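As a plain string of letters, each chain reads:
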Amino acid sequence: MQQNQRRIIYSIILLLGLAWTFASADQSGTSTSGKIPAPQQGFLAPDFNLKTPAGESIKLSDLRGQAVLVNLWATWCPPCRAEMQTIEKIYTEYKDQGLMVLAVNMTYQDDPFAVLPFVTEQGLSFPILLDETGEMADDYQLRSLPSSFFVDRNGIINKVVIGGPMAEALLRTRVEEILE
Amino acid sequence: MVSLFRSLFAPPRHLILPLAALWVGLALAEKRTGRHGISKETLNNLVYYSILGYILGGRVLYALSHFSAFAQSPLSLFSPNPDLFDPFAALMSSLLVGFVYGQRQKLSLWPALDALTPFFATLAIGLSLTHLAGGTAFGSPTNSTWGVDLWGATRHPSQIYELIASLLILGLIWFRKTDSPSGVSFLTFAALTAAARLFLEAFRGDSTLIFGGLRLAQVIAWITLLATLALLESGFQREKS
């Protein structure tokens, strides 16, 4: 190909690219906009209303204004067990700044009688919720345990951590981000 | 088939995909090292040191940027958790390590980049598969019949667009003529990748927007395209003279 032909082709490509960039500009803002509920970073955290072992109901959307760590766990899952003490430590340290931890036990695939002894043994002070039907797990598209969703004060998922156990520094950095 | 793939490689298992791409890419690059005057051993070392730079740089720089959190739990530095990682810092660190190794081995820049091109092209395929498995880099909502249900809406299958583009680019790079000047193979790959990103970013639902709703990735891709085309042209001129 001759030099002139090449230069013409390159110029056309660049002009088309520039036109496409302007034509495809998103005037409406990002499509997620934190309005659609989905278990993904940048989306509204799907709402749930679950009961504690004592029968008290907790609804996620009622906690708007607080930063929330939603942790999905089961007693048979070793990494879930391993990270509970770290979560407790971080919760104790940051709860006065507005952190709430909701540890949702996957009761539908766990031994319901093993939950309370584990919570007592670990000395956990944050609310434990029971997902007895698997509906919450479906809404959060649970594929691996543990799964943690860091929800900011506006109810938007800031970060998702799949797998564990989470290191203390990871929990601390993520929690500080949602408390901002 | 897509749902089966997504179930099979659901996070955190999706991390196996870039690793597999790395292995395949290195094997492909090894097959062509002779054409660029680089030994297989040198190419392997270059890649391994760069990967080491990527892993260590990504973790150490993440720790430095979150110093207070790590100061309270220094053992977190050795946690296997992949989220304690800064991908951009990792990339910079890996480029720096690769550059230093190349200098020490007296490697010429363009032949080395040409030799690595199949490796980069395969990594791009691995990255798009990782996006597909994790549901990241998702598309904007659409009414198209080929839209996929993801994150609460019917969306452009942007990860599949990305996969098709990266497969085509690897094919073009692999089967292109071999008598071109030094650097052309890598620059062609870079230009095609930038052009694909420029075009496909328009269908993404997670773009970072800058003034006037412009998509940042498109602006960067356009500048990259401009630079690669200019370098390609100067390469042809050098060859001619």
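Scroll up to find the structure.
Residues numbered from 1 in each chain as written. Chains lettered and ligands numbered in written order. Predicted model: local features only at pLDDT ≥ 70, side-chain atom pairs only at ≥ 80, totals over all residues. Heavy atoms only, no water.

*Asks:* Can you explain the overall build of chain A? Please cite residues and give values.
*Replies:* Broken down by element type, chain A carries five helices and seven strands. Each helix and strand of chain A, placed in order from N terminus to C terminus, yields the pattern α-β-β-β-α-β-α-β-α-β-β-α. For chain A, the C-alpha radius of gyration of 22 Å lies well beyond 16 Å, the compact-globule estimate for 180 residues. Within chain A, contacts between residues separated by at least 24 positions form 71% of all contacts whose residues are at least 6 apart in sequence. For chain A, the exposed surface amounts to about 8,300 Å²; the carbon and sulfur share of it is 53%. If you average the places of the 14 positive and of the 21 negative side-chain charges in chain A, the two averages end up 11 Å apart. (Helix = DSSP H or I, 4+ residues; strand = E, 2+ residues; numbered from the N terminus. Rg over C-alpha atoms; globule rule 2.2 N^0.38 Å. Contact = heavy atoms within 4.5 Å. Areas by Shrake-Rupley, 256 points an atom, 1.4 Å probe, with all protein chains shown as cover. Lys, Arg positive; Asp, Glu negative; His and termini not counted. Charge placed at Lys NZ, Arg CZ, Asp CG, Glu CD.)

*Asks:* Provide a residue-level description of the interface of chain B and chain A, including the pertinent values.
*Replies:* Taken together, the contacts link 47 residues of chain B with 41 residues of chain A. On the chain B side of the contact with chain A, W151(B), W222(B) and E233(B) bury the most area, a combined 17% of that side's loss. Residue R7(A) pairs with E233(B) through a salt bridge whose shortest N-O separation is 3.7 Å. Linking chain B to chain A there are 15 residue pairs in polar contact (both at pLDDT 80 or more). Counting residues per element, the ones that place at least two in the side of chain B that touches chain A are α1 (2-8), α4 (67-72), α8 (184-200), β4 (214-215) and α9 (216-240) of chain B. The element that contributes the greatest number of residues to the side of chain B that touches chain A is α9(B), accounting for eleven residues. Here the residues of the side of chain B that touches chain A are counted per class, giving 23 nonpolar, 17 polar and seven charged. (Buried area = accessible area lost by both parts, 1.4 Å probe. Salt bridge = Lys/Arg side-chain N within 4 Å of Asp/Glu carboxyl O. Polar contact = N/O pair within 3.5 Å; in protein donor to acceptor, adjacent residues only side chain to side chain. Nonpolar A, V, L, I, M, F, W, Y, C, P; charged D, E, K, R; others polar.)

*Asks:* Break down the nonpolar core for me, with residues and values.
*Replies:* Ranked by internal contacts, the top residues of the largest apolar core, which has 58 residues, are F48(A) and V70(A). Non-local contacts of F48(A), meaning those with residues more than four positions away in its chain, are made with I58(A), K59(A), L60(A), V70(A), L102(A), V104(A), L129(A), M136(A) and Y140(A). Among the nonpolar cores identified, the runner-up in size contains 27 residues, and Y10(A), L14(A), I169(B) and F189(B) belong to it. (Core = buried A, V, L, I, M, F, W, Y, C linked by side-chain atoms within 4.5 Å. Buried < 20%, exposed > 50% of the residue type's maximum accessible area, 1.4 Å probe, protein only.)

*Asks:* Which residues make up the packing of helix α3 (residues 40-65) of chain B against helix α6 (residues 109-134) of chain B, and what are the values?
*Replies:* Residues and elements named next belong to chain B. Running from N to C, α3 and α6 point in directions that differ by 55 degrees, and their axes come no closer than 11 Å. Judged by the inter-axis angle, α3 sits oblique to α6. Considering how the two elements wind past one another, α3 and α6 form a crossing that is right-handed. Along the contact surface, α3 presents L43, L46 and V47, while α6 presents A115, L116 and F119. By residue class, the composition of the contact of α3 with α6 is six nonpolar, no polar and no charged. (Axes fitted to C-alpha atoms, helices over the stretch in contact; angles between N-to-C directions. Parallel < 35°, antiparallel > 145°, perpendicular 65-115°, else oblique. Left-handed = near helix turned anticlockwise from the far one by under 90°.)

*Asks:* Residue-level account of the pattern of salt bridges, with values.
*Replies:* Per the stated rule, a full pass over the model turns up nine salt bridges over all chains. Among the salt bridges present, the one from R197(B) reaches E201(B), with a minimum N-O distance of 2.8 Å. Salt bridges sharing common partners tie together K89(A), E93(A), E168(A) and R172(A).

*Asks:* Pulling in residues and values, what's your account of the state of the cysteines?
*Replies:* All names here are of chain A. All chains considered together, the criterion is met by one disulfide over all chains. Two residues, C77 and C80, share a disulfide whose sulfurs are 2.1 Å apart. The sign of the 85 degrees torsion about the S-S bond sets the C77-C80 disulfide as right-handed. Summarising the burial analysis for this pair, C77 and C80 share the class buried. (Disulfide = S-S within 2.5 Å.)

*Asks:* I'd love a proper account of helix α2 (residues 16-31) of chain B, names of residues and values included.
*Replies:* Owing to its 3.6 residues per turn, the α-helix brings residues three or four apart onto one side. Residue and element names in this part refer to chain B. Here α2 contains 16 residues, and its C-alpha end-to-end distance of 23 Å stays within 8% of the 22 Å for a straight helix at 1.5 Å per residue. All of the buried residues along α2 are L17, A21, G25, L26, L28 and A29. End-on, the buried residues of α2 take up no more than an arc of 165 degrees, which puts them together on one face. Turned more than 90 degrees away from the buried face of α2 sit L19, W23 and K31, all of them exposed. In this structure, the buried residues of α2 make contact with α1, α3, α6 and α7 (158-174). (Expected span 1.5 Å × (residues − 1). Arc of directions from axis to C-beta.)

*Asks:* Tell me about the environment of D47(A), and please be specific about residues and values.
*Replies:* All names here are of chain A. Looking at the secondary structure, you find D47 in the loop between α1 (3-23) and β1 (49-51). Sequence-wise, D47 and E180 are 133 residues apart; in three dimensions their C-alpha atoms are separated by 22 Å. A distance of 3.5 Å separates the side chain of D47 from the backbone nitrogen of L60, its partner in a polar contact. Within the local environment of D47, its side chain forms a polar contact with the side chain of S61, the two groups lying 2.7 Å apart.

*Asks:* Hey, could you go over the packing of aromatic side chains for me, with residue numbers and the actual values?
*Replies:* Per the counting criterion, the structure on display carries 17 aromatic pairs over all chains. Ring centres of W73(A) and F118(A) lie 5.3 Å apart, and the angle between their planes is 35 degrees; on these two criteria the pair is classed as tilted. Highlighted residues: W73(A) in strand β3 (residues 67-73) and F118(A) in helix α3 (residues 112-122), separated in sequence by 45 residues. In this structure, W73(A) and F118(A) share a single accessibility class: buried. Ring geometry for Y62(B) and F70(B): centres 6.1 Å apart, planes at 80 degrees, overall edge-to-face. For the pair formed by Y62(B) and F70(B), the shared burial category is buried. The structure contains a cluster of three or more aromatic residues connected by ring pairs, namely W20(A), Y161(B), F199(B) and F203(B). In this structure, R32(B) packs its charged tip against the face of W174(B), placed 3.6 Å from the ring centre. (Phe/Tyr/Trp six-rings, centres within 6.5 Å; stacked < 30°, edge-to-face > 60°. Lys NZ or Arg CZ within 6 Å of the ring centre and 35° of its normal.)

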